[in-house]
Amino acid sequence: NGDFPVSQAVDPVAVDDMLLEGDVLWFSGSAASVGDLRKIPGLKSYENDEVKKLHDKVHERRLVQAVISRKGPLVGKTVKDVKFRTRYGAAIIAVHREGKRVHDHPGQVKLQAGDVLLLEAGPTFLERNADNDRSFALLSEVEDSTPPRLRLLIPALVLTVAMLAVYSAGVVSLLISSLCAAILMVMIGVITQQEARDAINWDVFITIASAYGIGTALVNSGVATGIANGLVSLSEVMGLGAAGLYGVIYLATFLISNIVTNNAAAALIFPIAMDAAEQTGADTTIMAYNIMLAASASFMSPFGYTTNLLIYGPGGYKYLDFVKIGTPMQLVLWILTIFLLGEQLPWWVSWIISAVVFLMVCVATIVGCAPCKAKCSKKEDDK
């Protein structure tokens, strides 16, 4: 607790050290990790004098990385000389030069071309300085760095629970209850109007809308009926009745969902599956569950779901990795889903079977990983 020179070497905190109120913690990491630190309850960002003088509300600020231009008005001058906060409406938190942090006080640093500034700025900073190439060669907002509104956590939970309760009671539809909850969250400040607009994923909406359009075209052109007839014939050849039809539809759906998004896959296959169900007299509700489960089972491709793509590059995975790991998962879920839907067992039976399968997979994973860990440890020892 207390102040000490930032140039002084600091030892890592021991895991058994007791933290006290008012302690100042120093973290080492990337700028992106600052946003994660701000979301930890009980931690408050340390504010220097310049940050405290910003007029923007705390929950509207964000972190911005700015690169000093080669021939700009900031080169060769200190932050104090150019009155940076007054001129640009942002406060400098740290300065990086040639990949290393400059440990002097930001206000006393003489800026050089290529210096990277970590700024705390208001919501309009980027708009006002996006074309200011004389001062900054590059501006980049640190994603999701706005401080969370933890004091509004309880109101947000209450509104969410109330929304679900009103819908479950059958008072209004889910659309109306969710719209009312969203409007109230904006009114009390849980989210801003801009955050609400930015939260709308237009790509997903356009994809789903396009898929519905294609689905309607398939129905009107008779292509959906033709495909449905083919799937019905295939299920009849298998001789498994409704379960065979569910299996064929599941196969077609998860193959499509591994190429396009799961929402688009469900929208495309839905009219075909419903036509096939009506031809054979299969339960349309069970068929809808079948499509829902199959569309969500996109394990064999990195392009089938957003989370697959998120880890595809950073994790160093190859396309074949998804095929090798995803195919067994896909087969297990395929067989299990068709069995449960085809037999129409009581709900608690499906829970028991799912729990058993989950435990078996966990045990197999642990047992299978043990030799790998031992092998890796041996390699490390050899090095």
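Scope of this entry: the structure provided in the associated data block. (Residues numbered from 1 in each chain as written. Predicted model: local features only at pLDDT ≥ 70, side-chain atom pairs only at ≥ 80, totals over all residues. Heavy atoms only, no water.)

**Digging into helix H13 (residues 284–295)**
Note the threshold: Every helix listed is a DSSP run of H or I at least four residues long, and every strand listed is a run of E at least two residues long, numbered separately from the N terminus. Multiplying 1.5 Å by the helix residue count minus one yields the expected span of that helix. What makes two residues a contact is simply this: any of their non-hydrogen atoms within 4.5 Å. Think of a polar contact as two N or O atoms within 3.5 Å of one another; within protein, one of them needs to be a possible hydrogen donor and the other a possible acceptor, and neighboring residues in sequence only count if both atoms come from side chains.
Its 12 residues place the ends of H13 16 Å apart at the C-alpha level, agreeing with the 16 Å of an ideal helix rising 1.5 Å per residue. Buried residues along H13 sit in contact with helix H11 (242–257), helix H12 (262–280) and helix H15 (319–343). In this structure Asp283 caps H13, since a side-chain oxygen of it lies 2.9 Å from the backbone nitrogen of Thr285.

**Some details on the pairing of strand S2 (residues 90–97)**
Using the following cut-off: Two strands are counted as paired when DSSP detects at least two bridges linking them.
As paired elements, S2 and strand S4 (residues 116–121) share six bridges and run antiparallel to each other. Within S4, the position partnered with Ile92 by the bridge is Leu119. Two elements, S2 and strand S3 (residues 100–101), share two bridges in a ladder whose sense is antiparallel. Considered in S3, the bridge of His96 is made with Arg101. What sits between S2 and S3 in their antiparallel hairpin is a turn of two residues, with Glu98 showing a positive phi close to 55°.

**Let's talk about the packing of aromatic side chains**
How we decide: Any two of the Phe, Tyr and Trp rings considered here, Trp counted by its six-membered ring, make a pair once their centres fall within 6.5 Å; the pair's planes then place it as stacked at under 30 degrees, edge-to-face at over 60, or tilted in between. Relative accessibility under 20% of the residue-type maximum defines a buried residue, over 50% an exposed one, and the middle range a partly exposed one, all with a 1.4 Å probe and only protein chains included.
A full pass over the atoms with the stated rule returns three aromatic pairs. Taking 5.9 Å as the distance between ring centres and 75° as the angle between the ring planes, the aromatic pair formed by Phe254 and Trp334 counts as edge-to-face. Within this pair, whereas Phe254 is found in helix H11, its partner Trp334 is found in helix H15, the two being separated by 80 residues in sequence. Exposure remark for Phe254: the relative accessible area of 4% places this residue in the buried category. Judged by centre distance (6.1 Å) and plane angle (65°), the ring pair of Tyr317 and Phe322 falls under edge-to-face.

**Re the nonpolar core**
Here is the rule we go by: Here, nonpolar core means buried Ala, Val, Leu, Ile, Met, Phe, Trp, Tyr and Cys residues that are tied together by side-chain atoms lying within 4.5 Å of each other.
Counting 23 residues, the largest nonpolar core has Leu245, Tyr246, Ile249, Tyr250, Met287 and Ile291 as the members making the most contacts within it. Only helix H10 (223–238), H11, H12, H13 and H15 provide two or more residues apiece to this core. Other than its neighbours up to four places away in sequence, Tyr250 contacts Asn290, Leu293, Ala294, Ala297, Gln330, Leu333, Trp334, Thr337 and Ile338. Within the second largest apolar cluster, 19 residues are counted, among which are Val64, Val102, Val109 and Leu117.

**Comments concerning helix H7 (residues 174–188)**
Selection rule: Within this analysis, the arc is defined by the directions that extend from the helix axis to the C-beta atoms.
An ideal rise of 1.5 Å per residue puts 21 Å on 15 residues; H7 measures up with 21 Å between its terminal C-alpha atoms. What H7 keeps buried is the set Ser177, Ala181 and Met185. Angularly, the buried residues of H7 cover 70° about the axis, an arc narrow enough to put them on a single face. Along H7, the residues that are exposed and aim more than 90 degrees away from the buried face are Leu175 and Met187. The secondary structure elements touched by the buried residues of H7 are helix H6 (153–168). Directly beyond the C-terminal end of H7, a positive phi value near 95° is found at Gly189.

**Notes on the sheet that holds S4**
Ordered by their spatial adjacency, five strands build an open sheet running S3-S2-S4-S1-S5, and the pairing between neighbours is antiparallel. Among the strands making up the open sheet, the edge pair consists of S3 and strand S5 (136–141). Pairing of strand S1 (residues 62–68) with S4 involves six bridges; the strand directions are antiparallel. Across the sheet, the residue bridging to Arg62 is Ala121, located in S4.

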